[in-house]
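If you want the building blocks of each chain, they are given just below.
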Amino acid sequence: MLRENGFGSGPTSGGKTNGAPVNGDPPIRIGVYVCHCGTNIARTVDVERVTEKAGELPGVTIARDYKYMCSDPGQELIKEDIEELGLNRIVVASCSPNLHEGTFRGATAAGGLNPFFFQMVNIREHASWVHEDRESATDKAIDLVRAAVRRVHHHKALETRRVPIKPEVLVVGGGIAGISAALTLADGGKHVYLIEREASIGGHMAQFDKTFPTLDCAACILTPKMTQVRNHPNITLMTMTEVVKVDGFVGSYEVTVKHRPRFIDVSLCVGCQQCIDACVYKRGKFEDEFDAGLSMRKPIYLPNAQAVPQVVLIDPEQCIQFSSGKCKQTCVEACDRDAIFFDQEERIETLDVGAIIMATGFQTFDARRSPHYGYGIYPNVYTALEVERLVNASGPTGGEIVLRDGEKPTAVGIVHCVGSRNQKSNPWCSKVCCMYSLKLAHLIKEKTDAEVYNFYIDMRTPGKGFEEFYQRVASEGTHLIRGKVASVYQQADGDGELLVDVEDTLAGMVRRIPVDMLVLAVGLEPRYDAEEVRRTFNITCSGDGWFMERHPKLAPVDTFTDGVYLAGCCQGPKDIPETVAQAGAAAGQALALIGRGYMELEPNTAQVIAEDCSGCKTCIPLCPYQAILHDDAENRAEINEVLCKGCGVCVAACPSGSIVQNLFEDTEIYEEIEGVLAYA
Amino acid sequence: MLEQADSTVQAPQADLTSQTSAEDFEPRIVALFCNWCTYMAADLAGTSRMRYAPNVRVVRVMCSGRIDPQFVMHAFARGADGVLIGGCHPGDCHYQEGNYKALRRFRLLRRVIESLGIERERLRLEWISASEADRLRKVADEMAADIRALGPLQLSIPAEEFRNAEGAGAEIPSPEIAGETAAKEVAVP
Amino acid sequence: MTKPEGKPKVAFYWCASCGGCEEAVVDLAEGILDVVGAVDIVMWPVALDFKRADIEAMPDGSILASFINGAIRTTEQEEMASLLRRKSQLVIAFGACSQLGGIPGLANLYDREGVYRAAYLESPSTENPEGTLPRLRSRENGYDLSLPGFYDTVRALGQVIDVDYAIPGCAPHPKVIQAAVATLLSGELPPKGTVLAPDQAVCEECPRRESKPLDLSISEFKRPHEVIIDEETCLLAQGLLCLGPATRAGCDAACVCGNMPCSGCSGPTSRVLDHGAKAISGIASLIGGDDEEAIDSVLDGIPDPVGTFYRYGLPASLLRRKTLS
């Protein structure tokens, strides 16, 4: 209630006074419900006192406290009170509105009221969980309840808005997460745009040899999925493509993508690779990314043997034609499909989709950041990803595990937790390293019969069949040494032998173990450009840089941006089964959204009060959605409610106070402010 | 000191100050938080069971761009000792650029607030993303401490007292009260 | 409302004001005659010789309406305002000072001591070697002399007595006065508290409004003396800080028509709680620049923000005055 107005004497506000009805309106009858949340709230906040104080506030007909307001009986309480006591406003003091606002609006509606005659008070996340002192937490809760009670007087009946959802879905990233999500959606009859930054889909999984704990071959389970993607009528696969801009909102995203030139026409190339054979480079000269740099390729190359699409590409940084313009173009000659185009250019395209699934994955920790392990210094120190390629039958050595000099190793150390669980690098557990280290131990032992030493901090095997796998590897004779590796150095006499100094905490001693190959179990971390990507998609990262889910338990694949979902390691380290499961969940959420066909939007839009507007045009350039138009004939601003997203920036800016925002009217906010400040 | 003004240069502070002596002064801080970043950070602080000063009372708006300088003035006028505006980091606004509007208003508003004698520590704008619960904790604690050190915001005339003449500082001592000698001597400090 | 015998009695009074409001009444020109003919003026210090005792002698409520201009600065002004309140059925705050505190309200950036010091001791034009200051009572040549008390703070009329209506402006535009008087004499009174003027902003009446661009972004504020002002283009679009968008209409955009920006004398619309804060919001939103430095350099073009945004309304603003430590 505005106490002041233009000239200070002040009784002119059109608002209602607390508890007193405006002419003709029924009296305000508020029900206040204070939740104990078991002991989550009640332990720190004196809910009885909050309830008692709430009961004294003007307009409050009934104030109750209850163990769990969100439970069925709790909601029933609201419904019954509305019916029996004739309540017309509801306030629930419990947890965050992000959690249960919908629940209690539902209960309010179930009692026959408009659901927006409801206000939620957050006395758990904002009070009981962040304060220790019972008295001050209780005082705060009382203030917050008072604010809500004062605010809810002014609430109006509102209708939610429905916006149609476009049925197409964008999946960003073609690793196992993106592939799984895309296939689920496509099988569900939805059209999917699957975009991948690299030249082939498959992601990290395509580089692996076997997968733990079952030791089935990664390629054997992944390749069919990749082929399905290629052949699926509902999937448009776009490789070498990145998102540059995302406009719009849930149900109607407008995504601008950039196709990088491949210099090969994808529709013509059949992947025969004759161009590669014909290249002026007689042998590979450039590090092959897929083989983690362990093999060399030419400037024109197929990303990998199982690549989807089976189409070559040219690296313009390496190809002579691009640097000198004077190549003989033997590749062009060799191509009987005439698929090579040196003049291909970057192409921009816009995709209209209703939902987006982020499956942008991870990168492995750069072992050079922990120099005491000797990576990049001693040639026989490898990352696990390199060893995956060595083990792999389609890898640079045809599956032979050999050292740089081609010799088989006789003693191999595997260091766990490289870049993980360390405040200097990444504090988190990367979750998959223990298991893949055991897998590599098994494979190395199998293929080389070398002595294998696993240096671990804790052996983390919490998964189906994981502990059994650990027992199996242990029984195979792998040395499992619990302790941190302090340093690695090479023997002075030079034959490449490495000495690993490690604390053996089980034996209670420091040991020096000679190995001729050291494998670093590098952890998982957010991609270098995760920050940029999240900005493009307007989603959030948690403090460690992984994309943040809407709720860690109840909305693990949703984001704070409606219609954008998370799948796979972009949200945090995961193994393959978890990734696939999460991809399915994300696809399920997208399907649910699309299946409904429309989205209920908060009715928090703004409106210009036409007779008050002076046509000053202040609001017009402020709207990020161009939802405000100036009607020249009437000299009024006008808000297109369909385009309005309800930010309220125009409302705050309107110099004559002629724009109002539903759910956030000035009066409602003033009342809330006064409410928290009214001394009890 | 001009003797006519002696006891009344500082307007009387009735109830507000008498109930809060310096030691047990608990600042009242109104926090105007955007729904998408800073309110979420406050939620995260809760789920992470962080502890911070209980002085902050959060009022949620959808976007920091919704924050009207009138809200800030209103909070101060109604007894807030501090106002904290929280929004998404530049470039991160859920509504693209509402936080820039908040920043522009804040920069001008602070000039006015300061000109009106309110210390700058009492009005803060902070960009706190949904994941920065720890930053929220830090800002809340810092602000509570800063304002505790400043003491209560003693608006010269609380709204409630504006109508009575005492609030306006009318109680002017006559020369007889102030002492006969003061009649002619006018000391200018 | 009870109808007193004969022509309705009307009082005019002035408090802390400049006399411009009196001029505004006179500016009604021949229109004043209709008013004078329709009513019986019982007080008008600027024009007629009635005394306080005359009013005191009248029965309570016997005056139909008192039009009081000026802010409340002294005890005498408060006493007269209270007296007229008692004797009148309606009290109308007339003009910006009465409605909002007005220009005298900017003294709320100081206290009495600061005002005295500036006015009687330190201003360059002051010659006061003995440092004599106004005193409530003093004895001069054997006589006891007295002066009204001088408050620390300037208040709007409505902050001192109950006020029924306000007529805005510095001074009120004749058109607004005429319309207001007509409303009051019509017998169909608007709700108490109404500001008797249009409830839209000045842009509504501004002849330049069409020239205001739809994508205004202000990169520099200029002051009127610094530029040659185009006579047809929106002043904000020329970088001049015009408060028209935030200020109540009724004046036919008189200042803008005189090629000067609106300085906000008519106060805010009824929907706005704090004129200055709302104007800050609207104006600042349009500033170009996204970082603090760029924003601040634009804001440096407003050398006196309080004097700009609260020129007429500091006492009626939410904070009312400067807090002096």
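Residues numbered from 1 in each chain as written. Chains lettered and ligands numbered in written order. Predicted model: local features only at pLDDT ≥ 70, side-chain atom pairs only at ≥ 80, totals over all residues. Heavy atoms only, no water.

A word on the overall build of chain B
Then step 1. Looking only at helices and strands, chain B has six helices and four strands in total.
Then step 2. The buried share of chain B, taken over its 189 residues, is 65%.
Then step 3. Contacts in chain B between residues at least 24 apart in sequence constitute 80% of all its contacts with a sequence separation of at least 6. (Helix = DSSP H or I, 4+ residues; strand = E, 2+ residues; numbered from the N terminus. Buried < 20%, exposed > 50% of the residue type's maximum accessible area, 1.4 Å probe, protein only. Contact = heavy atoms within 4.5 Å.)

Considerations on the state of the cysteines
Then step 1. Inspection of the entire model under this criterion finds two disulfides over all chains.
Then step 2. Cys217(A) shares a disulfide with Cys220(A); S-S distance 2.3 Å. Looking down the S-S bond of the Cys217(A) and Cys220(A) bridge, the torsion is 90°, so its handedness is right-handed.
Then step 3. One disulfide in the model links Cys37(B) with Cys88(B); its S-S distance is 2.4 Å. An S-S torsion of about 105° defines the bridge between Cys37(B) and Cys88(B) as right-handed. Here Cys37(B), found in the loop between strand S1 (29–34) and helix H2 (38–47), pairs with Cys88(B), found in the loop between strand S3 (82–87) and helix H4 (98–115); they are 51 residues apart in sequence, far enough to count as distant. The same class applies to Cys37(B) and to Cys88(B), which are both buried.
Then step 4. Unpaired in this structure, Cys272(A) has its nearest cysteine sulfur neighbour in Cys275(A), at a distance of 6.0 Å.
Then step 5. The partly exposed category is assigned to Cys272(A), whose relative accessible area is 41%. (Disulfide = S-S within 2.5 Å.)

Observations concerning the domain arrangement of chain A
All names here are of chain A.
Then step 1. The domain boundaries assigned to chain A delineate domain 1 (2–158), domain 2 (161–259 + 348–362 + 526–600), domain 3 (274–334), domain 4 (365–523) and domain 5 (606–662).
Then step 2. If you average the C-alpha positions of domain 3 and of domain 4, the two centres end up 33 Å apart.
Then step 3. At the interface, five residues of domain 3 touch six residues of domain 4.
Then step 4. Taken as a group, Asp291, Ala292 and Leu294 account for 76% of the area that domain 3 buries against domain 4, more than any other trio of residues on that side.
Then step 5. Between the two partners, domain 3 and domain 4, sit one salt bridge.
Then step 6. The partner of Arg389 in a salt bridge is Asp291, with the nearest N and O atoms 2.7 Å apart.
Then step 7. Our count for the contact surface shared by domain 3 and domain 4 stands at two residue pairs in polar contact (both at pLDDT 80 or more).
Then step 8. Per-class residue counts for the side of domain 3 that touches domain 4 are three nonpolar, one polar and one charged. (Domains from an automatic or database assignment. Buried area = accessible area lost by both parts, 1.4 Å probe. Salt bridge = Lys/Arg side-chain N within 4 Å of Asp/Glu carboxyl O. Polar contact = N/O pair within 3.5 Å; in protein donor to acceptor, adjacent residues only side chain to side chain. Nonpolar A, V, L, I, M, F, W, Y, C, P; charged D, E, K, R; others polar.)

Looking at the interface of chain B and chain A
Then step 1. The partner chain A presents 55 residues to the 52 residues of chain B that form the contact.
Then step 2. Here chain B meets chain A over a buried area of about 4800 Å², counting both sides, of which 55% is carbon and sulfur.
Then step 3. With its nearest N and O atoms 2.7 Å apart, the salt bridge here joins Arg66(B) to Asp666(A).
Then step 4. The tally of links between chain B and chain A comes to 26 residue pairs in polar contact (both at pLDDT 80 or more).
Then step 5. Elements with a minimum of two residues in the side of chain B that touches chain A: S1, H2, strand S2 (56–61), helix H3 (69–77) and H4 of chain B.
Then step 6. Residues belonging to the side of chain B that touches chain A are distributed by class as follows: 27 nonpolar, 12 polar and 13 charged.

Description of the sheet that holds strand S9 (residues 165–167) of chain C
Residues and elements named next belong to chain C.
Then step 1. The sheet built from five strands is open, its strands ordered S2-S1-S3-S5-S9 with parallel pairing. Every interior strand has two partners, whereas the edge strands, strand S2 (40–43) and S9, have only one. Direction aside, neighbouring strands of the sheet carry axes that sit 30° apart on average.
Then step 2. With five bridges joining them, strand S1 (residues 9–14) and strand S3 (residues 63–69) adopt parallel strand pairing. Note that in S3 the partner of Tyr13 across the bridge is Ile68.
Then step 3. Along the sheet face, helix H7 (residues 174–186) touches S3, strand S5 (88–94) and S9 and points at about 155° away from the line of S9. (Pairing = 2+ DSSP bridges. Axes fitted to C-alpha atoms, helices over the stretch in contact; angles between N-to-C directions.)

Re the side chain of Gln582(A)
Residue and element names in this part refer to chain A.
Then step 1. By the secondary structure assignment, Gln582 is in helix H15 (residues 576–596).
Then step 2. Note on Gln582: relative accessible area 8%, which makes it buried.
Then step 3. Sequence-distant contacts of Gln582, that is, excluding residues within four places in its chain, are made with Pro556, Val557, Leu566, Ala567, Gly568, Gln571 and Lys574.

Focus on the sheet that holds strand S18 (residues 355–358) of chain A
Residues and elements named next belong to chain A.
Then step 1. Spatial ordering of the open sheet is given by S10-S7-S6-S18-S29, a layout of five strands whose pairing is parallel. In this open sheet, the two edge strands, each paired with only one partner strand, are strand S10 (235–238) and strand S29 (564–566). Neighbour-to-neighbour, the strand axes of the sheet open up by a mean angle of 20°, direction not taken into account.
Then step 2. Relative to S10, strand S7 (residues 192–195) runs parallel, the two sharing four bridges. Considered in S10, the bridge of Ile195 is made with Met238.

Examining the environment of Ala145(B)
Then step 1. Within the fold, Ala145(B) resides in helix H5 (residues 133–150).
Then step 2. Taking the C-alpha atoms as reference points, Ala145(B) and Pro69(B), 76 residues apart in sequence, are found 24 Å from one another.

Considering the environment of Phe664(A)
Then step 1. Looking at the element boundaries, Phe664(A) is found in the loop between strand S34 (659–661) and helix H17 (666–677).
Then step 2. Each C-alpha atom, one on Phe664(A) and one on Ala606(A), is 9.1 Å from the other, the two residues being 58 residues apart in sequence.
Then step 3. Not counting chain neighbours up to four residues away, the residues in contact with Phe664(A) comprise Arg151(A), Asn604(A), Ile669(A), Arg60(B), Val61(B), Met62(B) and Arg66(B).

Some words on the confidence of the model for chain B
All names here are of chain B.
Then step 1. Scored by pLDDT, chain B has a mean of 79; 70% of the residues are at 70 or more.
Then step 2. Counting contacts from residues 1–20, a segment whose pLDDT is below 50, to residues more than four positions away or on other chains yields 51 contacts.
Then step 3. Considering only residues more than four positions removed or in separate chains, one finds that residues 170–189, a stretch of pLDDT under 50, has 35 contacts.
Then step 4. Taken together, the chains of this predicted complex give a pTM of 0.81 and an interface ipTM of 0.94. (pLDDT = per-residue confidence, 0-100.)

Considerations on helix H6 (residues 176–187) of chain A
All names here are of chain A.
Then step 1. Given a rise of 1.5 Å per residue, 12 residues ought to cover 16 Å, and the 16 Å separating the end C-alpha atoms of H6 matches this to within 8%.
Then step 2. Of all 12 residues making up H6, 10 are buried, and the element is well covered by its neighbours.
Then step 3. Along H6, the residues that are buried comprise Ile176, Ala177, Gly178, Ile179, Ser180, Ala181, Ala182, Leu183, Leu185 and Ala186.
Then step 4. Tucked into the core, H6 has its buried residues touching strand S6 (169–172), S7, helix H7 (218–231), S10, S18 and H15.
Then step 5. Gly189 lies just past H6 and shows a positive phi near 90°. (Expected span 1.5 Å × (residues − 1).)

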